[in-house]
Amino acid sequence: MDLRPGRDDVVGRGRELAVLQAGVASAHEGRGGVILISGPPGIGKSHVVAAAVAGVPGVVRGRCVSDRGAPPLWPWLRMIGGIPTDLLPAQIHAAADAATAADAFESAAARFRLLVRMCDGLVAAAAAARGMVVVVEDLHDADETSLALLRHVAREAAQSWLLVIGTHRDTTGREVDGLSATLAETTRSAAVQTIVLAPLLVDDVADYLASRGIDTGLAAELHERTGGLPLLVATMTRILGQADHPPGPGGSLPALPPSDLHVLVSGLLGGLQPAARDSARAAAVLGEDLDPLLLAEVQNLPTAVLDDHLVALLTAGVILPIGTAPPRYRFAHQLIRQGIAGSAPDSARWHRRAAVALQSRLGTDPGHAARIAAHWAHAGGDIEALRATVRWTRAAAAHAMRILAARDATRLLEQALIALDQVTPGQDERAELLIELGRAEYLAGCIPAAVRHLRDAAETAGRAHRPDLLAKAALVISRAGDRTTLIAAAGLCDRALSALATATAAADEPPAIVTRARLTARKACLNVEADLVDDNASTTIEALRLAENSGDQAALLDATRARVEALDQPLDVDERLRLAELTIRLGRDTRYTMAVVRAHIWRIDAAYQGVDIAAADREIARLADLAATTDLPSSRWFQLRASAARAALSGRFDLALSESESAGTLATRMNDPAACAVTDEFATLLALIRGDPDQVPPITHHTLASAPHTPLFQAAHALRLLLLGHHDEALAIYQHLRLKLRQPVRGMPGLGVLQYLTELVEAFDDAEAAGWARTQWLPWAATGGLPGNAAYFCGGSPARAVGRMAAMLGDLDEAESALRAAVAINTQLDAQPLLTHTWVALADVLRRQGRSSGLSEAAALAARAAAQARRLDQPGPLTRADRLLVELTSQIRDGDPLTAREREVADLVAQALSNRKIAERLFISERTVETHVHHILSKLDLTNRTALITQILGRRR
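Calculation rules
Residues numbered from 1 in each chain as written. Predicted model: local features only at pLDDT ≥ 70, side-chain atom pairs only at ≥ 80, totals over all residues. Heavy atoms only, no water. Buried < 20%, exposed > 50% of the residue type's maximum accessible area, 1.4 Å probe, protein only. Helix = DSSP H or I, 4+ residues; strand = E, 2+ residues; numbered from the N terminus. Contact = heavy atoms within 4.5 Å. 1 Å grid on protein atoms, 1.4 Å probe; cavity = no way out; pocket = protein on both sides within 12 Å on 5 of 7 lines; lining within 4 Å. Points joined across faces, edges and corners; volume = space filled by probe spheres on them. Core = buried A, V, L, I, M, F, W, Y, C linked by side-chain atoms within 4.5 Å. Phe/Tyr/Trp six-rings, centres within 6.5 Å; stacked < 30°, edge-to-face > 60°. Lys NZ or Arg CZ within 6 Å of the ring centre and 35° of its normal. Pairing = 2+ DSSP bridges. Axes fitted to C-alpha atoms, helices over the stretch in contact; angles between N-to-C directions. Parallel < 35°, antiparallel > 145°, perpendicular 65-115°, else oblique. Nonpolar A, V, L, I, M, F, W, Y, C, P; charged D, E, K, R; others polar. pLDDT = per-residue confidence, 0-100.

Turning to helix α37 (residues 767-777), a few remarks are in order. For an α-helix, the turn length of 3.6 residues means that residues three or four places apart are oriented alike. Most of α37 is tucked away: nine of the eleven residues are buried. Buried within α37 are the following residues: Ala767, Ala769, Ala770, Gly771, Trp772, Ala773, Arg774, Gln776 and Trp777. Each element contacted by the buried residues of α37 is listed here: α35 (727-737), α36 (747-763), α38 (798-808), α39 (812-828) and α45 (926-939).

Notably, Asp138 is not glycine yet its phi reads approximately 60°, a positive angle. Among the structural elements, Asp138 can be located in the loop between β3 (132-137) and α6 (144-156). Non-glycine residue Thr424 carries a positive phi angle of around 50°. Position of Thr424 relative to the elements: it lies in the loop between α19 (406-420) and α20 (427-443).

Next up on the list: the layout of surface pockets. Here the idea is plain: a probe the size of a water molecule rolls over the atoms and shows the empty space left. The space that makes up the second largest pocket amounts to roughly 1,400 Å³. What lines the second largest pocket is a set of 38 residues, among which Glu762, Ala763, Asp844, Arg880 and Arg883 lie closest to the centre. Mapped by element, the contributors of at least two residues to the lining of the second largest pocket are α32 (673-690), α34 (711-723), α36, α38, α40 (832-849), α42 (875-894), α43 (900-910) and α45. For the lining of the second largest pocket, the leading source of residues is α40, giving seven residues.

Within the secondary structure layout, Ala947 lies in helix α46 (residues 945-956). Residue class for Ala947 comes out partly exposed when judged on its relative accessible area of 22%. Each C-alpha atom, one on Ala947 and one on Ala910, is 9.9 Å from the other, the two residues being 37 residues apart in sequence.

Right, let's get into the nonpolar core. Core analysis: the biggest nonpolar cluster contains 131 residues, and Trp76, Val134, Leu139, Val318 and Ile340 have the highest contact counts within it. Ranked by the residues each element gives to this core, the list is headed by helix α18 (residues 383-402), at nine residues.

A word on the packing of aromatic side chains. Scanning the entire structure with this criterion turns up three aromatic pairs. Taken together, a centroid distance of 4.9 Å and an interplanar angle of 85° make the contact between Trp637 and Phe638 edge-to-face. Given a relative accessible area of 3%, Trp637 falls into the buried group. The ring of Tyr208 has Arg212 lying over it, and the distance from NZ or CZ to the ring centre is 4.4 Å. The ring of Phe682 carries Arg641 above its face, with NZ or CZ at 5.0 Å from the centroid.

Let's shift gears to the pairing of strand β4 (residues 162-169). Within β4, eight of the eight residues are buried, which leaves it mostly tucked inside the rest of the structure. Residues Leu162, Val164, Gly166 and His168 line one face of β4 and the alternating positions Leu163, Ile165, Thr167 and Arg169 line the opposite face, and both faces are buried. Sheet topology places strand β1 (residues 33-39) next to β4; seven bridges connect them, and they run parallel. Within β4, the position partnered with Ile35 by the bridge is Ile165. Note that β3 and β4 share five bridges and pair parallel. Looking at β4, one finds that Val133 is bridged to Leu163.

Burial within β3 is extensive, with six of its six residues counted as buried. Taking every second residue as pointing to the same face, both faces of β3 are buried, with Met132, Val134 and Val136 on one and Val133, Val135 and Glu137 on the other. As defined by bridge partners, strand β2 (residues 59-63) adjoins β3 across five bridges and the pair is classed as parallel. Across the sheet, residue Val59 finds its bridge partner in β3, namely Val133.

Where helix α26 (residues 553-566) contacts α36, the two axes come as close as 5 Å, and the packing angle between them is 30°. It follows that α26 is roughly parallel to α36 by the angle criterion. Residues Val564, Glu565 and Ala566 of α26 touch α36, and the partners they reach there are Gly747, Met748 and Pro749. Split by residue class, the contact of α26 with α36 holds four nonpolar, one polar and one charged.

Summing up the model confidence of the protein chain, the mean pLDDT is 85 and the portion of residues at 70 or higher is 90%. Averaged pLDDT values for the elements of the protein chain fall to 45 in helix α4 (residues 90-95) and rise to 97 in α38. This stretch, residues 91-101, has a pLDDT under 50; its non-local contacts, to residues over four places away or in other chains, come to 31 contacts.

Here it is in structure tokens:
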């Protein structure tokens, strides 16, 4: 294989070249894709790509570098600079200026939008050029954001004019951050091809030697020495060609073991002048890409002299040209650069000179801050170098945050903290850096690390007597999902509020109204999410009062959200609507779109509660408009979720699943585990309403690991386990949660728990818990739904739950009344699937009452439910309705008022079994047996068990 610049012939790679050239041809026909080429260092990945795209128009290149000085998205931004401006949409330039979002969810959504815009820009540029090839080299060195963009491009490339060719080293047997996951995701696509380069064969080596005029008789020995690794074959061949007396037939090769990089590099540099070798060492120390201007400054050389050195290095095969205006170069291979850098005696001095020169020349460009910081980090470790390292690394992290590369910012700030701790910093300085690190980790989704560093920041700020820094640390986390994290973050707010009060009292100054309002509002948000709302929701009331008095928009946005999520009574609907109006105004004033989106969700909740389906549809349409006009992924997610819930309510199950799965795909791309979990929960509830457990998504280890650890998730998980047939596991979780029904539920999370637990109460035939649940549902009986359902799953009339719980308790008259009310409300809501369930439940109650007129109505309701279940494809309710029809027909024909279960209990009573024995025999609770016996005696007009036994035994005789 020819590895010298400017050569077209390649040996031993015919198949690989064919695949690459076919991919190029397809891209120029509008059928793009991704080709990933892997192999060990020196296998010739870059050269085979160069040969494949030689002479192809529209090729742009970028290379990931291992230097710490490369900013996020470095290879892509370099490529963007190589695309003609008339082919590049303007939004791709503006994408990197996106504002950092307020929390992890918003950050993920904003980052997703940035990557989509960049991806769309590349696809559009490729379409305008009628074919474009993008080459991204050394993906094993890529930053996390660059890999994320590759994943986006891979999903869009198939139906485009864009071909992406990526090269990377083997990942087998070693951990490469992010790359393994990226490869696993992208290679699932049919549009992605992979090429694994193998070492050259002996015949390939012989062909290579022949093309260089060297005796092919050396091929076998050269292959044995090099293992067929093209880099070593080419380098040794070059050394042989430069020898005064190259080996002839039967001659021996130089003593150059392939593993001895130092000897190999010495051979390459052997014919150079000492000054040129110094330039090679300085360049190798300073980075993978040569910057001639910087190199001249560092070495204090005239430009003309350095140019002579570069020509010598180029001739020796040490470097390759990668640009002409101005001239730019890179090392022929990373192994060569590493070998040269390892022999540099004064690298710290060169790094210091480079840092000073770059500060002077590029210090105002934040994109170069990481590069400057990297040089200072290797500049000797004295106080000046460490201080400069901290300063420039923090600047680089700030730049990474501006382009929403929070993981890269986290890495940079960790390096800054290590450097800072070596210079004995002041407590306030260390606290500030810890807060920056905690914020970056939080926005990157590294929540436990963020909490740990924010706590450390709070301790440090406390020692520095800096309540302002305590407040900054406390205000980082706005939502988390994990209850432990939420409680910890609320504790930071308490500590900051206490320090603020102490400082204010000591200084005899006016209180910091805005800071106090923000801290109180944030604490209220965290408490509600953690299900820590007290009986009077006093925290949210106080938070809203302080926020309104302060007039601070940030405090108001937090306080309104906390207050709305704490509202848990039907009469709260007017306040919910008032706060929705306030939030919409605040969101528009602050250009915080997600606040406006949340407010429309609250309005949908209010519309469902007021049984105003037309109002709900209007608000869903407004959400769609917001999603379209703002191009914000999180806005689109909520719109899809609300649309899915609405479709499920009316029985349009295919549309509901489609919208929910689209929201799930969006959540996955935004890397938001909590949002991903909603898709599975929705599918579970849809399976419940349809009565088809086969449609319940399987539970995976990843699902459990990434889900929020809250009572709401636990209840949802228990229901899912039950539907999947894991009865004992579901019961264990239910037994832990059921006592929550004894106390009034609080806030939207509590109402969500109530809905899940009600299904479990009925499934486990828990009469005691049914009494608690009925009490919780009764205040909502006249409404059309609970708050919190709009973007998740609308359960229809709460009166249905009241009726179901009353039926379990044996209060059949109350059950009948509640279920008739539920029929009326669900009809107004167009809740067709829930009407099916309500008709079945009402028919069963009428059957259990045993009245002759009621039995006829029950049969009619069961028949109606069966017909609708067939139409909507609800196999569960259909089975129940058909079974009811059979029982009702038998009861009507035989005149027997007892249900099948009641007849079963009566027969066991006739055997003189106690209620406890009957409960054990039928696997039901003793309380339920008592209820059945009461109904039996009432229907048969008997006064006690003895009379019942006498009657049954008399019939048998």
